[in-house]
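Given next are the chains, with one letter for each unit.
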Amino acid sequence: MIPTVPRRLLLGGALAMPFIRTASAQQTFEFVAGSLGGGWYTMGAGIAALAKDEADLQIRVVPGGGLANPTRINNGQSQMGWGIDAFTAAAVRGEDPYRQKHDRIRTLGTGYSPTEHNLVRAADKGSDDMRALLTGRGLRIGCPQRSSTDEMTLQRILKFYGTSPDQIRANGGTYLNGSYNDVAAAFGDGQVDCVYFALAKPAAVLTELGQGRRTSKLVAFPDDVRKHLIDTYAYNQGVIPAAAYPTLQSADVPVTTMDSVIVVHETVPDDVAYKLTKVLIAARGARLTQIHASMGSYDPKEAWKYAGAPLHPGAARAYREAGAMPA
């Protein structure tokens, strides 16, 4: 006689099917976030904890980067993770910097964390004029790894100004890549005089830079750079309020911004996408803000409207049930 198998084990096995990693009945989903020390990693860990507590979903967070994450998810290396609105849309279309259409990715919506671009310089080094700063001889600048949207955006700005990482080095300067923590440490040690980070406010690493031994300043994004990034690459207009980093600024600082999207592989079961989205909808406001202040901006009535990639059917169900999305 064949023994009866509990229904929950059968369901667990079905869920594990195309991404099975262990013999466990309950699947663990891999969520690719950002660099260690960055806001994305903190937010990913917070979402994983919520999912476990509220929906019994097992999510493991691993480091990643906004540029590479859509490809990693499209290829099935991770089942879910963070993406950037403009870059995720480019991945779906197969447009620069992506070489082919990413047609296997879906989303759980956007608006989870508007992300500002931050250029910080040592107060005694360089200029407040971005063009003069980034094209000057002997520039020493650090930014995250090349799989990040931070680094891609910095390269786009450098290209707009007629320079590049190779040109910086040829002019006797330094162009350093590393994790947020490594780049911040290099700034504190005087190895670089400027850093470029795309991080949602309040970013711990920027707060720490402002409290460090080197007096530092945020550099405003001039109109021409903002217009170029918005018109050419679909970035957004933003402002860092004066109160955000009091030791780095004395007034509002105009910048460009991006927004965060939760990207999932198309084979993530509808029930899993539904449960995770339902957890996020229920946590909007105070609970998400406790994970990271920027997550307070999440609005289910707007989140599902993101048109850069298809909304996962399970997420659509959760938004409809919440009354955020028309039936």
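Whatever comes next refers back to the structure up there.
Each residue is numbered by its place in its chain's sequence as written, counting from 1. Totals for whole chains, interfaces and linings use every residue, but because this is a predicted model, local features are given only for residues with pLDDT of at least 70 and side-chain atom pairs only at 80 or more, for both listing and counting. Heavy atoms from the whole structure form the basis of all side-chain values; hydrogens and water molecules are not counted.

Let's talk about the environment of Arg 317
Working step 1: Looking at the secondary structure, you find Arg 317 in helix H14 (residues 313-321).
Working step 2: Taking relative accessible area as the criterion, Arg 317 reaches 36% and is therefore assigned partly exposed.
Working step 3: Linking Arg 317 and Thr 267, residues 50 residues apart in sequence, is a C-alpha distance of 16 Å.
Working step 4: When near neighbours in sequence (up to four residues on either side) are disregarded, Arg 317 contacts Asp 271 and Tyr 274. Secondary structure elements follow DSSP: runs of H or I of four or more residues count as helices, runs of E of two or more count as strands, with numbering from the N terminus. The rule is simple: take the accessible area with a 1.4 Å probe, protein chains only, and divide by the maximum for that residue type; under 20% is buried, over 50% is exposed, in between is partly exposed. In what follows, residue pairs with any heavy atoms lying within 4.5 Å of each other are defined as contacts.

Focus: empty space enclosed by the protein
Working step 1: Only protein atoms enter the 1 Å grid, on which a cavity is a set of points fitting a 1.4 Å probe that cannot get out and a pocket is an open set with protein on both sides within 12 Å along at least 5 of 7 lines, lining residues being those with an atom within 4 Å of a point. Grid points are joined across faces, edges and corners, and a volume is the space filled by probe spheres set on the points. All chains considered together, the criterion is met by 2 cavities of 30 Å³ or more.
Working step 2: In terms of lining residues, the largest cavity is bounded by 22 residues, among which Trp 40, Asp 150, Tyr 180, Ala 198 and Leu 199 are the most central.
Working step 3: Elements represented by at least two residues in the lining of the largest cavity include exactly helix H2 (39-55), helix H6 (149-160) and strand S8 (194-199).
Working step 4: Residues are grouped as follows: Ala, Val, Leu, Ile, Met, Phe, Trp, Tyr, Cys and Pro are nonpolar; Asp, Glu, Lys and Arg are charged; all remaining types, including Gly, are polar. Class assignment of the residues belonging to the lining of the largest cavity gives a composition of 9 nonpolar, 12 polar and 1 charged.
Working step 5: Around the second largest cavity sit Leu 134, Thr 135, Gly 136, Leu 139, Thr 163, Gln 167, Ile 168 and Asn 171, which together line it.
Working step 6: When residues of the lining of the second largest cavity are traced back to their parent elements, those giving at least two are helix H5 (130-135) and helix H7 (165-170).
Working step 7: Taken together, the residues of the lining of the second largest cavity sort by class into 3 nonpolar, 5 polar and no charged.

Some thoughts on the packing of helix H11 (residues 270-283) against H14
Working step 1: Here an axis means a line fitted to C-alpha atoms, over the contact stretch when the element is a helix, while the angle between two N-to-C directions is reported on a 0 to 180 degree scale. Packing of H11 against H14 brings their axes to within 7 Å, and their N-to-C directions diverge by 40°. Classified by the angle between their axes, H11 and H14 sit oblique to one another. Considering the relative orientation of H11 and H14, their crossing is right-handed. Across from Asp 270, Asp 271, Ala 273, Tyr 274, Thr 277, Lys 278 and Ile 281 in H11, the residues of H14 making contact are Pro 313, Gly 314, Ala 315, Arg 317, Ala 318, Tyr 319 and Glu 321.
Working step 2: Residue classes in the contact of H11 with H14 are distributed as 7 nonpolar, 2 polar and 5 charged. Here is the rule for angles: anything less than 35 degrees is roughly parallel, anything more than 145 is roughly antiparallel, 65 through 115 is roughly perpendicular, and the remaining ranges are oblique. By definition, any crossing whose near helix is turned counterclockwise from its far helix by less than a right angle is left-handed, and any crossing with a clockwise turn is right-handed.

Re H6
Since the α-helix packs 3.6 residues into each turn, any two residues three or four apart lie on the same face.
Working step 1: Here, expected helix span is obtained from the residue count minus one, scaled by 1.5 Å. Over its 12 residues, H6 extends 16 Å from the first C-alpha to the last, a length consistent with the 16 Å expected when each residue adds 1.5 Å.
Working step 2: Among the 12 residues that make up H6, 9 are buried, leaving the element largely enclosed by the rest of the structure.
Working step 3: Listed in full, the buried residues belonging to H6 are Thr 149, Asp 150, Glu 151, Met 152, Thr 153, Leu 154, Arg 156, Ile 157 and Leu 158.
Working step 4: Positioned one or two residues after H6, Gly 162 has a phi angle of 80°, which is positive.

Details of helix H4 (residues 85-93)
Working step 1: Of all 9 residues making up H4, 7 are buried, and the element is well covered by its neighbours.
Working step 2: Those residues of H4 that fall on the buried side of the exposure criterion are Asp 85, Ala 86, Phe 87, Thr 88, Ala 89, Ala 90 and Ala 91.
Working step 3: Phi turns positive, to about 75°, at Gly 94, one or two residues after H4.

Comments concerning the side chain of Asp 85
Working step 1: Turning to its location among the elements, Asp 85 is positioned in helix H4.
Working step 2: Counted as positive: Lys and Arg. Counted as negative: Asp and Glu, with His and the chain ends omitted from the count. Here, a salt bridge means any Lys or Arg side-chain nitrogen found within 4 Å of an Asp or Glu carboxyl oxygen. Nearest to the buried, unbridged Asp 85 among oppositely charged side chains is Arg 156, at 9.4 Å.
Working step 3: Residues in contact with Asp 85, not counting those within four places in the same chain, are Asn 236, Met 258, Asp 259, Val 261 and Tyr 306.

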